[in-house]
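One-letter residues, chain by chain:
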Amino acid sequence: MEHWLPYALATGILFGLQTVYIKKLSRLFGQYIVMAALFLFAALMFVPFLNHFYVSDIPAFLLWSGASFLINIFAFSLLYTSLKEAPVSMVAPFFNLTPLFIIFTGVLVVDEHLDAGQVLGIVVILAGAFLLQFNEMRVYISQGHFSRNLKSILLAVFVSFLWSFTATMEKRALLVSNGFSYGFSINLMLGLYFGGRVVLQKGDSLMVITRNKSLLVLGIISGAMAIVQYQAILLQKVGPVIAYKRAGVIISIIYGLFFLKEKAGYYRILGAVAIIAGGFLLA
């Protein structure tokens, strides 16, 4: 197994958990509190590694980190709205489109060209991710929920498009630093932004973040995901890494089988097989 694969696989698992937790917490807290907790606790995860802080080209680092910061403000705000207003099983597949967009933005931003096998692997993984939730999607469409949640679906597609830029910008920032330097900086900046929005809102306090264990868990998951994701991106092209990250949707089938005692339908089994096959193509 290549060195980047364990990091990419861990990224996918943690991304699936992160999505579930954001959906869960969106029922209890407002957008700014959830996102402040996510990024502030994630930034703290990098503190033990600050002795490895390194930047070789400060102007380039500030440029690409700043661009990623600005786009991620919009992306995560839209992510929260999309998950809050629609069933997670309906919108989650559309977050998986990021690797497809990266086929083009990777060339534009970091001049990374994928070979035919890598492109095929990405497409197969995306197809598998959709198949995992095909039955749910079919039910939603037959019951008319799809049209009622079209806004959330379109937001999810747009978030995927924005993430295709932030992922490639991350690569540019990482090339002049390392995963610990960029990870701490971007999470701290986003945490301070969303934390500032909490403070500016009347009646809200950042102290609520310290009193809720679920918010802490979300931050730990997000910080751990950032650590392994940045290491994977340093070792491999962006497209394959993010394809594995989006394959984290397989967490939904595992959760359904073992905790909700759901039966594994034909499409779910086929989807899981497709994700595994796509992984072999990328490897």
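Our subject in this report is the structure included herewith. (Residues numbered from 1 in each chain as written. Predicted model: local features only at pLDDT ≥ 70, side-chain atom pairs only at ≥ 80, totals over all residues. Heavy atoms only, no water.)

1. Comments concerning empty space enclosed by the protein
The method is simple in principle: a probe with the dimensions of a water molecule rolls over the atoms, and the space it marks as empty is what remains.
Inference 1: Tallied over the entire structure, the rule returns 2 cavities of 30 Å³ or more.
Inference 2: Estimated volume of the largest cavity: approximately 270 Å³.
Inference 3: What lines the largest cavity is a set of 22 residues, among which Phe-76, Glu-170, Met-225, Tyr-230 and Lys-245 lie closest to the centre.
Inference 4: Within the residue set of the lining of the largest cavity, elements represented by two or more residues are helix H1 (4–26), helix H2 (31–46), helix H3 (58–85), helix H9 (150–175), helix H10 (179–200), helix H12 (213–235) and helix H13 (238–246).
Inference 5: Among the elements that make up the lining of the largest cavity, the one with the highest residue count is H12 (5 residues).
Inference 6: Of the residues belonging to the lining of the largest cavity, the class tally is 12 nonpolar, 7 polar and 3 charged.
Inference 7: In this structure, the second largest cavity spans a volume of roughly 30 Å³.
Inference 8: Together, Ile-102, Ile-103, Gly-106, Glu-112, Leu-114, Lys-237, Val-238 and Gly-239 line the second largest cavity. (1 Å grid on protein atoms, 1.4 Å probe; cavity = no way out; pocket = protein on both sides within 12 Å on 5 of 7 lines; lining within 4 Å. Points joined across faces, edges and corners; volume = space filled by probe spheres on them. Helix = DSSP H or I, 4+ residues; strand = E, 2+ residues; numbered from the N terminus. Nonpolar A, V, L, I, M, F, W, Y, C, P; charged D, E, K, R; others polar.)

2. Let's talk about the side chain of Thr-166
Inference 1: If you trace the backbone, Thr-166 turns up in helix H9.
Inference 2: For Thr-166, the contacting residues outside a window of four places in its chain are Ser-68, Ile-71 and Asn-72. (Contact = heavy atoms within 4.5 Å.)

3. Considering H10
Inference 1: Look at H10: 31 Å from first C-alpha to last across 22 residues, which is about the 32 Å you get at 1.5 Å a residue.
Inference 2: Its side-chain oxygen 3.1 Å from the backbone nitrogen of Phe-180, Asn-178 forms the N-cap of H10. (Expected span 1.5 Å × (residues − 1). Polar contact = N/O pair within 3.5 Å; in protein donor to acceptor, adjacent residues only side chain to side chain.)

4. Considering the side chain of Gln-229
Inference 1: Tracing the sequence through the fold places Gln-229 in helix H12.
Inference 2: Looking at Gln-229, the relative accessible area reads 4%, which means it is buried.
Inference 3: Aside from chain neighbours lying at most four places away, what touches Gln-229 is Thr-11, Glu-170, Val-241, Ile-242 and Lys-245. (Buried < 20%, exposed > 50% of the residue type's maximum accessible area, 1.4 Å probe, protein only.)

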